[in-house]
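What follows is the residue order along each chain.
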Amino acid sequence: MSNDPKQRIFSGMQPTGSIHLGNYLGAFRNWVKLQDEYDAIYCIVDLHAMTIDYDPVDLERARIEAAKVLLALGVDPDRSLLYAQSQVPEHAELAWILGTLTPMGVLNRMTQFKDKTSAGHASNLGLYSYPVLMAADILLYRANLVPVGDDQRQHIETTRDLAERFNNRFGDIFPIPEPYIPTTSARVMSLTDPTAKMSKSDPQIRATVGLLDDPDIIRKRIRSAVTDSDPVVRYDTEAKPGISNLLEIMAGCTGRTIDSLVVEYGDGGYGAFKDAVAEAVVEELAPVKAGYTSITNGDVRAVLRSSGDRAREMVKPYQAEVHNAVGLKAY
Ligand code: AQP
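Reference entry: report on the structure contained in this document. Keep in mind the model is a prediction, meaning the values are calculated, not measured.

### Comments concerning the site of the ligand
For step 1, the next point in the chain: As a structural note, the neighbourhood of the ligand is formed by 23 residues, with K116, D151, S199, K200 and S201 the closest of them.
For step 2, the next point in the chain: Between the ligand and K116, the relevant distance is 2.5 Å, taken from an oxygen atom to a side-chain nitrogen or oxygen of the residue.
For step 3, the next point in the chain: For the ligand, an oxygen atom lies 2.7 Å from a polar atom in the side chain of K197.
For step 4, the next point in the chain: Protein contacts shield 98% of the accessible area of the ligand, which totals 640 Å² for the unbound molecule.
For step 5, the next point in the chain: It is helix α1 (residues 21-33) that provides the largest number of residues to the shell around the ligand, a total of five residues.
For step 6, the next point in the chain: Classifying every residue of the shell around the ligand by side-chain character gives seven nonpolar, eleven polar and five charged.

Here is the structure:
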């Protein structure tokens, strides 16, 4: 038996709205799966949520809901940390230090900033430097692996780049983290515009399937998903983005290959295929809702408090090492 310490994973979610099927298939399912094999740290990234217009009262509700959904999915506070980013001030401090190493040209290339500002969000400094705070989140804990959806690939690249810049300048402190991205359903697309990703902040309610939606709502959303007029079920993201998205969703929910789904549903018409996708999603999400209703807000606060305390203790020696490396000596 190996005595090697477990590798560490870190990942975060923004408390910005109703958690959807894309978040689950792209990331959270892996959060649950990886808890045994890795030393797992999961964070409700509330400082990130402040980078777009928000209501302070609603932020607290959203933080509790986000943590409750994660607990309902199977994130286990006995095996993993689950806390809020704002409970550990070192996230913001390390972001400042990394920011001093971040060329503006790197941030100018970030597609999330461009997408959010072109969707009407104000272009504040926090939104612009979001990838630096995300790098700090990951590097603060010296994480080796980051389970995320495909939309975060560019931010993980930036994290790796900043870790290398820091190590080259100040000494070998940070491991270079790897993304952990699923092979199917890594980027679940909007049901109303299958060329855009499914997103919590999408104002079009019909574009998403929420993890806590009732089965009848889920069926309705999937049945009304935008597709095309050629009624053959096949995978072609250019010509048939809507059907390809539904194939990815069904493969993600059933564990079947896209090829086997195409063989079964290829000529059967879109109606029968959409019904099958809807039933697969309903079945996959049924336990989440049941788990969610049995957890109280008090339970959630207790988990956040205790994980937050442990996280603060954990980062102290790491940040002391960073301070020492960059010349911020303690007196
Ligand atoms: N559509 C998606 N398909 C697959 N994975 C996705 N993720 C997000 N959208 C999809 C993954 O979910 C995790 C948590 O995401 P987040 O809360 O950090 O925010 P996000 O990536 O910005 O997700 P949203 O839903 O689009 O939120 P808003 O609208 O607030 O920006 C991440 O690992 C992400 O990759």
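Moving on from the model shown.
### Quick word on the packing of α1 against helix α11 (residues 241-254)
For step 1, the next point in the chain: Interaxial distance between α1 and α11 falls to 11 Å at its minimum, and their mutual angle equals 50 degrees. As judged from the angle between their axes, α1 and α11 are oblique. Judged by the twist between their axes, the crossing of α1 over α11 is left-handed. Across the interface between the two elements, L21, L25 and R29 from α1 touch I249, G252 and C253 from α11.
For step 2, the next point in the chain: Classifying every residue of the contact of α1 with α11 by side-chain character gives four nonpolar, one polar and one charged.

Reading guide: rules and limits
Within each chain, residue numbers correspond to sequence positions counted from 1 in written order. Under the rules for a predicted model, residues below a pLDDT of 70 receive no local features and side-chain atom pairs below 80 are neither given nor counted, while totals for whole chains, interfaces and linings still include all residues. Heavy atoms from the whole structure form the basis of all side-chain values; hydrogens and water molecules are not counted. Near, as used in this document, describes a residue that has one of its heavy atoms within 4 Å of the molecule or strand being considered. Side-chain atoms alone can form a polar contact between residues adjacent in sequence; in general such a contact is a pair of N or O atoms within 3.5 Å, and within protein one must be able to donate a hydrogen while the other accepts it. Accessible surface is estimated by sampling points in the Shrake-Rupley manner with a 1.4 Å probe; for residues, cover comes only from the protein chains shown. The helix count covers DSSP runs of H or I at least four residues long, the strand count covers runs of E at least two residues long, and both are numbered beginning at the N terminus. Gly is put with the polar residues, along with every residue not named as nonpolar or charged; the nonpolar set is Ala, Val, Leu, Ile, Met, Phe, Trp, Tyr, Cys and Pro, and the charged set is Asp, Glu, Lys and Arg. Where helices are involved, their axes are fitted lines through C-alpha atoms of the stretch in contact, as for all axes, and angles between N-to-C directions lie from 0 to 180°. Convention used here: angles under 35 degrees read as roughly parallel, angles over 145 as roughly antiparallel, angles from 65 to 115 as roughly perpendicular, and any remaining angle as oblique. Crossing handedness is read from the near helix: turned anticlockwise from the far helix by less than a right angle, it gives a left-handed crossing, and turned clockwise, a right-handed one. In this description, contact between two residues means that some pair of their heavy atoms is separated by no more than 4.5 Å.

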